[in-house]
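Structural overview
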Amino acid sequence: MPLVSQSDLVSAAIAHRVVSFPTDTVPALAVRPENSGLIYELKQRETNKPLILMAATMEQIFPYLAGSQRERQVWQAIMAKYWPGALTLVLPSSEKLPPEINPRQDRTIGVRIPHQAIALEILLQTGPLATTSANLSGQPPLEKLADIAKTFPSVHCLDCLALERQGPIGNGLPSTVAQWDGAKEVFQTLRQGEVVLQD
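Residues numbered from 1 in each chain as written. Predicted model: local features only at pLDDT ≥ 70, side-chain atom pairs only at ≥ 80, totals over all residues. Heavy atoms only, no water.

As for unusual backbone geometry
We apply this condition: For the purposes of this entry, the term helix denotes a DSSP run of H or I that reaches at least four residues, the term strand denotes a run of E that reaches at least two, and both are numbered from the N terminus.
Residue Pro84 is bonded to the preceding Trp83 through a cis peptide linkage, with omega at -5 degrees. Phi is positive for Glu185, close to 55 degrees, though the residue is something other than glycine. Its location among the elements puts Glu185 in the loop between strand S8 (176-181) and strand S9 (186-191).

Here it is in structure tokens:
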């Protein structure tokens, strides 16, 4: 698939196709949550690894979450402090979340708002998307659009070669992942990335 404009990429995502665009960490493969199975097929990804729900605003994310008013206040405070940014929060999911995005069926979902203008512009128009790094499962994340287009010829890749020529768009590091422990009412860091979660 040739590189496409931002408007064409948004149209492809809305039409339930897999797309790729840069984020503040590594480029993403993304699709509407109910079509998450397409990413598992493309990446040859194990089904015990959930995808991340990426969005442009907290208002887009909260309908997919299930928690008490107190929990939501805690989550919102953390989100306001660290988002947009390289922090993925694993939180209890609501019935609105399509099961395809988390085949483990443990009623949780990783959510994030990226600190990347292009990604935010796209997500504002598409709504939340199920995302993961652009690579075959077990391989390093692909950071060049040409490599992504070659590896995944059916994916609609955003044409931002001009930006790439100025240097890497993302920092190449995965996000920090922290999971909510409802019993202790704290976040437990599962993967340390660029963001250091403070108590």
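Let us keep going from here.
Details of the packing of aromatic side chains
Using the following cut-off: For Phe, Tyr and Trp, where Trp contributes only its six-membered ring, two rings pair if their centres lie within 6.5 Å, and the inter-plane angle classes them as stacked under 30 degrees, edge-to-face over 60, or tilted in between. Exposure is judged per residue with a 1.4 Å probe applied to protein chains only, and the accessible area is read against the type maximum: over 50% gives exposed, under 20% gives buried, and values in between give partly exposed.
Tallied over the full model, the rule gives two aromatic pairs. When the ring of Trp75 is compared with that of Trp180, the centres are 6.0 Å apart and the planes differ by 85 degrees; the resulting orientation is edge-to-face. Taken as a pair, Trp75 in helix H4 (residues 69-82) and Trp180 in strand S8 lie far apart in primary sequence, 105 residues in all. Just as Trp75 is buried, Trp180 falls in that class too. Relative to Phe187, the ring of Trp180 has its centre 5.1 Å away and its plane inclined at 65 degrees; by these criteria the two rings are edge-to-face. By relative accessible area, which is 15% here, Phe187 ends up buried.

Some thoughts on the pairing of S8
Heads up, the rule is: Any two strands are treated as partners once DSSP identifies two or more bridges connecting them.
With four bridges connecting them, strand S4 (residues 87-92) and S8 associate as parallel partners. For Leu87, the partnering residue across the bridge sits in S8 and is Thr176. With antiparallel pairing between neighbouring strands as the criterion, S8 and S9 make up a hairpin whose turn holds four residues, including Glu185 at a positive phi of roughly 55 degrees.

So, helix H1 (residues 6-14)
To keep it simple, the criterion reads: Note that the arc is defined by the directions from the helix axis to the C-beta atoms. Contact between two residues is taken to exist if any of their heavy atoms lie within 4.5 Å; hydrogens are not considered.
Buried residues of H1: Leu9, Val10, Ala12 and Ala13, and no others. Relative to the axis of H1, the buried residues are bounded by an arc of 160 degrees and lie together on one face. Looking at the buried side of H1, the elements it contacts are strand S1 (19-21), helix H5 (117-126) and strand S7 (156-157). Backbone geometry just after H1 places His16 at a positive phi near 70 degrees.

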